[in-house]
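Letter by letter, the chains look like this.
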Amino acid sequence: MFSEARFTQSIRKVAIVGSGLAGLTIGHELRDRGYQVSLFDKARGPGGRMSSKRAGEQSIDMGAQYFSIRHQGFRHFLESKAGNASWGIWEGHFQDRDETGLWRPSSREARHVGIPRMSAITRALSRELDVSTRQRIIELSRTDSERWLITSEADGSLEREEHGEFDAVLLTAPVQQCRDLLNNSALASLADELNRPDFELQPCWAVALHFSGDAEFPTDGGKLEHPVLGWVANNSSKAGRQEEGEGQWLVLHATAEWSERNREASAEDVIREMTASFLDIIQAEQQPDQSLAHRWLYAKAGRAGAGSFWWPEHRLGVAGDWLNGGRVEAAWESATDLVGRLTGWAPDKSG
């Protein structure tokens, strides 16, 4: 007879696929409880959508723009694991623009950011963990002893490498990538459990524009009711981003619908149309002197509230912000939910 307790007690060595906030949270919580953890990520560094881009000496947040803190357990995790120097409050003026073009005050909820960039948080979280980057995991397989081997392809290479053996594997990648990996590993029945409309992640085109002078934009960050643009932020208003007199970097996020229609568009075309929409909104003739774009294929989440998945008979689990509504804090919530299922630990999620 299957015994979940027996399977859980025999887990000591764990592989974690993905080194965004969910993967890093799991890594720390398991490491603190005596587990041996190894993280693998296809990107050049940890962070996921909390990563930042460099433009000369400046750092630009192209993905997650800020995060809120609604649970004291999340605050304690950041304070104890990332350190207070890596994040703080975004002291900005926030307004949202409605469909008529009127600007209205946003919610007064405190907005937090990484300092001097969003990726400062995940870089700090990764320092004490074993993280292998530029490793795209393409297959999971069982050994004769019923432990896991994971197969990766190095960045820019078709050369395969096996890692292991692991007692358990935990996936923290976007849902589409989790399903692909499970299907490639002859685990189609588990992939089917992730096939829900509210789990799907929509794309988002992000464009950063630099203005040598003041762009005279009425908000440091806000949502837009617009056919092209869904968000705009004055990246330079965040702590540590830019010195006075160096102009402004503004970050634009397109709506999910527009991003989907333009999924395969060139970066040049995307920059041109999103810039034109922005200049039309602010009624300005001043043109940006620098620009860059990034396409997030898996960005905007639905309203799922599944927490996490844990299949003890397979020693496989899944966590991610997309399982809890897509907020930054949702990644921590999902990760701690999965750790609780694996270890029996009950994290503090009080408000």
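Located above this text is the structure these notes cover.
Because the structure is a prediction, the values reported are computed rather than measured. (Residues numbered from 1 in each chain as written. Predicted model: local features only at pLDDT ≥ 70, side-chain atom pairs only at ≥ 80, totals over all residues. Heavy atoms only, no water.)

Novice: Is there a simple way to think about the pattern of salt bridges in this case?
Specialist: One pass over the structure, following the stated rule, counts 20 salt bridges. Of the charged contacts, one joins D269 and R272 as a salt bridge, the two residues approaching to 2.4 Å between their closest N and O atoms. Placement of both D269 and R272 in helix α8 (residues 267-282) is noted, with a separation of three residues, approximately one turn of the helix. The closest approach of N and O atoms between R341 and D337, which form a salt bridge, is 3.1 Å. Taken as a pair, R341 and D337 lie in helix α9 (residues 328-343) at a separation of four residues, close to a single helical turn. On the basis of relative accessible area, R341 is assigned to the partly exposed category, the value being 38%. On the accessibility criterion, D337 (26% relative accessible area) is partly exposed. Through salt bridges with shared partners, one network takes in D61, K238 and R241. (Salt bridge = Lys/Arg side-chain N within 4 Å of Asp/Glu carboxyl O. Helix = DSSP H or I, 4+ residues; strand = E, 2+ residues; numbered from the N terminus. Buried < 20%, exposed > 50% of the residue type's maximum accessible area, 1.4 Å probe, protein only.)

Novice: Is there a simple way to think about the sheet that holds strand β10 (residues 135-142) in this case?
Specialist: Neighbouring strands of a sheet are bound in pairs by backbone hydrogen bonds; such pairs are parallel or else antiparallel. Reading across the sheet, the three strands line up as β10-β11-β12 and stay open at both edges, with antiparallel pairing between neighbours. What marks the edges here is a single partner per strand, and that holds for β10 and β12 (160-166). Here the average twist between neighbouring strands, direction ignored, is 25 degrees. (Pairing = 2+ DSSP bridges. Axes fitted to C-alpha atoms, helices over the stretch in contact; angles between N-to-C directions.)

Novice: Help me out: how do you make sense of the sheet that holds strand β1 (residues 13-17) in this one?
Specialist: The sheet built from six strands is open, its strands ordered β9-β2-β1-β13-β20-β19 with mixed pairing. Two strands in the sheet have a free side with no partner beyond their single neighbour: β9 (131-132) and β19 (309-311). Bridging between β19 and strand β20 (residues 316-318) involves three bridges; their strand directions are antiparallel. Bridge pairing in β20 links W311 to L316. Against the sheet, α9 makes contact with β13 (168-171), β19 and β20, and its axis sits at roughly 25 degrees relative to β19, the strand it touches most. (Contact = heavy atoms within 4.5 Å.)

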